[in-house]
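Results of the structural survey
Each chain, written out:
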Amino acid sequence: MKKILFTGGAGFIGSHIVEKYIELNHEVIIVDNFSSGKMSNLNNVVNSPLCHIENCDITNVEELEKVFIKYQPTVINHHAAQKSVSYSVENPIYNAMINEIGLLNLITLGVKYKIDKFIYVSSGGALSKEILNDEKSCENDIPQLKSPYAITKYCGEHYLRNYSELYGFSWIGLRYANAYGPRQIADGECGVIPIFLNNLFAQKESILFTYEDMPRGCTRDYIYINDIVDFNVLALNTDKGLNDVYNIGSGIELPILDIYDELIKVFETNIPIRIAGPRLGDIKRSVLDTAKAQRIFGWKPTFTLSTGLNDLKKNYNK
């Protein structure tokens, strides 16, 4: 059994991983300020003796330290974040407070209370290189860093590399592609699928942001939540491949309009979409090379977009 301090555990991605960790008999201390996470996401675990919930903001180091003192975790899994690219452009100071100061609070407290491992959620899409032709973005490529969000996520990887060398704990960075699945909320570009679904069910038109040379919209790599959960189990238990970052995606590049078309097909509806110009801070193309994760951990995604959306349909709002 491991004792895991899990930030953002009431969120879309975090709550699914928390469920799996508890199912595997690990003790999980959920730290969440519930700014976007929901208690309802924890319905399946809230009554478990292995689940502890602390309403705490990671930028409040005094309150956060009380959690460390109370539970003495040995692992940190850090999913709490300001994750909207467009919001980070408009509010860079707030973005830095959450994504840098919050992270540094966790790192320094982790050092003080002697954690063994730090699992850090970075970003595959925002740290993508400029994709040309049939290339994919690898972990050692130089990222474009086109937004404050991307800059803070990249800094986070380097903070962990530096502090782990100084103080001897292990870390592993997870660069997610665009995640989707049950419980996801419509919050900016990270939630394009629930944004589209909300509009479809409300009989409202959606907006597609395009470039002249990309009339079907920006391209992205989409990964289903179950595949993310699987890698978080590997990251928790591994004693190999540590102190490094890994792309977690499908390796398939899809225009956003393709996503909309597949949603219409799976959810059996049809509402027109409106075309608009590009947004500040957007990466035009993003697709991840996941060969490193496959080579070192034997991990590979099991859900296609079609099977993922059909599973989402069965479990929508659960």
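A brief structural summary. This structure is a prediction, so every number in the text was calculated from the model and none was measured. (Residues numbered from 1 in each chain as written. Predicted model: local features only at pLDDT ≥ 70, side-chain atom pairs only at ≥ 80, totals over all residues. Heavy atoms only, no water.)

Moving on: the pattern of salt bridges. What the rule picks out here adds up to 16 salt bridges. Two residues, Glu19 and Arg183, come together in a salt bridge whose shortest N-O distance is 2.5 Å. In this pair, Glu19 sits in helix H1 (residues 12–23) while Arg183 sits in the loop between strand E7 (178–180) and helix H6 (192–201), placing the two residues 164 residues apart along the sequence. Note on Arg183: relative accessible area 15%, which makes it buried. (Salt bridge = Lys/Arg side-chain N within 4 Å of Asp/Glu carboxyl O. Helix = DSSP H or I, 4+ residues; strand = E, 2+ residues; numbered from the N terminus. Buried < 20%, exposed > 50% of the residue type's maximum accessible area, 1.4 Å probe, protein only.)

As a further point, take helix H7 (residues 225–237). For H7, which comprises 13 residues, the first-to-last C-alpha distance of 19 Å matches the rise-based estimate of 18 Å (1.5 Å per residue) to within 8%. Buried within H7 we find Ile225, Asp227, Ile228, Val229, Phe231, Asn232, Val233, Ala235 and Leu236. (Expected span 1.5 Å × (residues − 1).)

With that settled, consider the environment of Ser88. Its place among the elements puts Ser88 in helix H3 (residues 85–90). With 62 residues separating them in the primary sequence, Ser88 and Ala150 have C-alpha atoms 8.9 Å apart. With sequence-adjacent residues up to four places away left out, Ser88 is seen in contact with Gln82, Asn95, Ser147, Pro148 and Tyr149. Among the polar contacts listed, one links the side chain of Ser88 to the backbone oxygen of Val85, at a separation of 2.7 Å. Here the side chain of Ser88 touches Tyr149 through a polar contact of 3.0 Å, landing on its backbone nitrogen. (Contact = heavy atoms within 4.5 Å. Polar contact = N/O pair within 3.5 Å; in protein donor to acceptor, adjacent residues only side chain to side chain.)

The next thing to look at is the side chain of Asp32. By the secondary structure assignment, Asp32 is in strand E2 (residues 27–32). Of the buried charged residues, Asp32 lacks a salt bridge, with Lys83 as the closest side chain of opposite charge at 9.2 Å. Only 3.5 Å separates the side chain of Asp32 from the backbone nitrogen of Gly9, close enough to count as a polar contact. A distance of 2.7 Å separates a polar atom in the side chain of Asp32 from the backbone nitrogen of Phe34. The residues touching Asp32, leaving out its near neighbours within four places in the chain, are Gly8, Gly9, Ala10, Gly11, Gly37, Glu54, Asn55 and Cys56. (Lys, Arg positive; Asp, Glu negative; His and termini not counted.)

So, about the packing of aromatic side chains. Tallied over the entire structure, the rule returns 12 aromatic pairs. With centroids separated by 5.9 Å and ring planes inclined at 25 degrees, the aromatic side chains of Tyr163 and Tyr167 adopt a geometry described as stacked. Taken together, the positions of Tyr163 and Tyr167, both in helix H5 (residues 148–167) and 4 residues apart, correspond to about one turn of that helix. Summarising the aromatic geometry, the rings of Tyr224 and Phe303 are spaced 4.7 Å apart at their centres and angled 45 degrees between planes, so their arrangement reads as tilted. (Phe/Tyr/Trp six-rings, centres within 6.5 Å; stacked < 30°, edge-to-face > 60°.)

Here we take up a nonpolar patch on the surface. There is a patch of nonpolar side chains on the surface, built from Ile93, Met97 and Ile101 and spanning about 290 Å² of accessible area. By relative accessible area, Ile93 is classed as exposed at 68%. (Patch = residues over 30% accessible without salt bridge, like charges linked within 9 Å, V, L, I, M, F, W, Y side chains within 5 Å. Areas by Shrake-Rupley, 256 points an atom, 1.4 Å probe, with all protein chains shown as cover.)

Residues Tyr21, Ile193, Ile228, Phe231, Ile248 and Leu263 are the most contacted members of the largest nonpolar core, which totals 62 residues. Ile193 has contacts with Tyr180, Tyr222, Ile259, Leu263, Leu309 and Leu312, leaving out every residue within four places of it along the chain. Formed by 24 residues, the second largest nonpolar core is a distinct cluster that contains Ile29, Cys56, Leu64 and Phe68. (Core = buried A, V, L, I, M, F, W, Y, C linked by side-chain atoms within 4.5 Å.)

Before going further, it helps to examine the packing of helix H8 (residues 256–267) against helix H10 (residues 305–314). Axis separation between H8 and H10 bottoms out at 10 Å; the angle between their running directions is 50 degrees. By the criterion of interaxial angle, the relationship of H8 to H10 is oblique. In the packing of H8 onto H10, the handedness of the crossing is right-handed. Of the residues in H10, those in contact with Ile259, Glu262, Leu263, Val266 and Phe267 of H8 are Leu305, Ser306, Leu309, Asn310, Leu312 and Lys313. A per-class count over the contact of H8 with H10 returns 7 nonpolar, 2 polar and 2 charged. (Axes fitted to C-alpha atoms, helices over the stretch in contact; angles between N-to-C directions. Parallel < 35°, antiparallel > 145°, perpendicular 65-115°, else oblique. Left-handed = near helix turned anticlockwise from the far one by under 90°. Nonpolar A, V, L, I, M, F, W, Y, C, P; charged D, E, K, R; others polar.)

Let's shift gears to the sheet that holds strand E1 (residues 3–7). Here 7 strands make up an open sheet; going across it, the order is E3-E2-E1-E4-E5-E6-E11 and the pairing parallel. The strands lining the two open edges of the sheet, one partner per strand, are strand E3 (51–55) and strand E11 (244–248). Adjacent strand axes in the sheet meet at a mean angle of 15 degrees when their direction is disregarded. Summarising the sheet, E1 and strand E4 (residues 75–78) pair through 4 bridges and their orientation is parallel. Note that in E4 the partner of Ile4 across the bridge is Val75. Across the sheet, H7 lies against E1, E4, strand E5 (117–121), strand E6 (170–176) and E11, angled at about 165 degrees from E6, the strand it touches most. (Pairing = 2+ DSSP bridges.)

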